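Descriptive analysis of the structure
These are the residues of each chain, in order.
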Amino acid sequence: MADRNHGRQRPATESTVRDWDDADPSGQTYRRVLLIDSDLTEISNSGGVFDECTFRGVRFNASTHTDAAFVNCTFVRCSFFDTTFTRCKLMGSVFDDCTYSLMKVTGGDWSFVGLPGADLRGAELSGVKLREADLSGLRAAKSVLRDLDLSGASMQRADFSGCDLRGSDLATLDPLTVELKGTIVDLTQAIVITTSLGLEVRP
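Residues numbered from 1 in each chain as written. Predicted model: local features only at pLDDT ≥ 70, side-chain atom pairs only at ≥ 80, totals over all residues. Heavy atoms only, no water.

**Focus on the packing of aromatic side chains**
Evaluation of the coordinates by the stated rule reveals 19 aromatic pairs. Pairing Phe70 with Phe85 gives two aromatic rings, centres 6.2 Å apart and planes at 85°, and the pair type is edge-to-face. Here Phe70 is found in strand S8 (residues 69–71), whereas its partner Phe85 is found in strand S10 (residues 84–86), with 15 residues between them in sequence. Taking 4.7 Å as the distance between ring centres and 10° as the angle between the ring planes, the aromatic pair formed by Phe75 and Phe95 counts as stacked. Separated by 20 residues along the polypeptide, Phe75 in strand S9 (residues 74–76) and Phe95 in strand S11 (residues 94–96) bring together distant segments of the chain. Exposure class is identical for Phe75 and Phe95. Each is buried. Taken together, the ring pairs connect Tyr30, Phe50, Phe55, Phe60, Phe70, Phe75, Phe80, Phe85, Phe95, Tyr100 and Trp110 into an aromatic cluster. (Phe/Tyr/Trp six-rings, centres within 6.5 Å; stacked < 30°, edge-to-face > 60°. Helix = DSSP H or I, 4+ residues; strand = E, 2+ residues; numbered from the N terminus. Buried < 20%, exposed > 50% of the residue type's maximum accessible area, 1.4 Å probe, protein only.)

Below, the structure is given as structure tokens:
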């Protein structure tokens with residue numbers, strides 16, 4: 001994995017902002033900022049850039065982010081209830097003890113993100129790059145994870161029960177280490193899974 005390894009020590013933040021309410025990050029750039037207990041509910045962020053920033057206890061509820069970037073950021077105990085990300089870049093960011101109910105992500109690059117054990121039940125992700133992402137222990141039952149680039153992603157112990165995975169790259173998925181009961185897949189994915197189990201598919 002690239003230098004965004006989740007085990008690497010993150011750069012120290014250089015400034016701290018508390019209760020950053022009524023913010024408008026659109027078109028702004030922030031680097032190595034620590035944001036604590038801020039309410040960003042319902043903000044509309046177009047093109048804002050956060051580089052190596054840390055968010056602690058920040059509420060992103062019902063906010064929308066379009067063509068924005070959160071690169072190599074750290075999110076701790078943040079709420080993403082009904083948050084929408086469209087064509088956003090979150091490469092190398094790490095999420096810890098966050099909530100994601102009704103979160104919607106369309107397009108964008110989330111490669112190398114750390115989402116171990118994340119509860120994405122009810123979330124919808126489509127057309128997102130998640131290359132080499134840490135999705136181990138992911139709880140995604142009955143979520144929609146369609147047309148995702150999961151090349152090299154770690155998915156051990158993930159629960160995809162009843163999840164719609166159609167169109168996603170499952171080349172690195174080991175069906176013996178994940179829960180797939182009721183999972184929705186397309187024909188190509190069914191062949192990939194069957195082959196990974198050592199079975200031969202013949203007409």
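**A short note on the side chain of Asp164**
Mapped onto the fold, Asp164 is located in the loop between strand S14 (144–146) and helix H1 (187–196). Residue class for Asp164 comes out buried when judged on its relative accessible area of 9%.

**Remarks on the pairing of strand S3 (residues 33–36)**
Note on strand geometry: in a regular strand, side chains alternate between the two faces of the sheet. Neither face of S3 is exposed, since Val33 and Leu35 on one face and Leu34 and Ile36 on the opposite face are all buried. Here strand S1 (residues 15–18) runs beside S3; their pairing, made up of four bridges, is parallel. When the sheet's bridge partners are listed, Thr16 is paired in S3 with Leu34. Bridging between S3 and strand S6 (residues 54–56) involves three bridges; their strand directions are parallel. Bridge pairing links Ile36 to Arg56 in S6. (Pairing = 2+ DSSP bridges.)

**Considering empty space enclosed by the protein**
If a probe the size of a water molecule is rolled over the atoms, the empty space left behind becomes visible. Enumeration according to the criterion identifies two cavities of 30 Å³ or more in this entry. Within this model, the largest cavity holds a volume of roughly 50 Å³. Lining the largest cavity are Leu115, Leu120, Leu125, Leu130, Leu135, Leu138, Leu145 and Leu148. Grouping the amino acids of the lining of the largest cavity by side-chain chemistry returns eight nonpolar, no polar and no charged. (1 Å grid on protein atoms, 1.4 Å probe; cavity = no way out; pocket = protein on both sides within 12 Å on 5 of 7 lines; lining within 4 Å. Points joined across faces, edges and corners; volume = space filled by probe spheres on them. Nonpolar A, V, L, I, M, F, W, Y, C, P; charged D, E, K, R; others polar.)

**Let's talk about the domain arrangement of the chain**
In terms of domain boundaries, the chain breaks down into domain 1 (22–100) and domain 2 (110–202). Computed from C-alpha coordinates alone, the two centres of domain 1 and domain 2 are separated by 25 Å. Counting residues at the interface gives nine residues for domain 1, matched by 11 residues for domain 2. For the pairing of domain 1 and domain 2, the buried interface totals around 800 Å² over both sides, and the portion due to carbon and sulfur atoms is 67%. (Domains from an automatic or database assignment. Contact = heavy atoms within 4.5 Å. Buried area = accessible area lost by both parts, 1.4 Å probe.)

**Let's talk about the sheet that holds strand S12 (residues 104–106)**
Taking strand neighbours across the sheet as the criterion, the six strands line up as S4-S7-S10-S12-S13-S14 in an open arrangement whose pairing is parallel. Strands with a single pairing partner mark the edges of an open sheet, and in this sheet they are strand S4 (44–46) and S14. Sheet twist, expressed as the average angle between the axes of neighbouring strands with direction ignored, equals 5°. The pairing of S4 with strand S7 (residues 64–66) spans three bridges and is classified as parallel. Paired with Asn45 across the strands is His65, a residue of S7. (Axes fitted to C-alpha atoms, helices over the stretch in contact; angles between N-to-C directions.)

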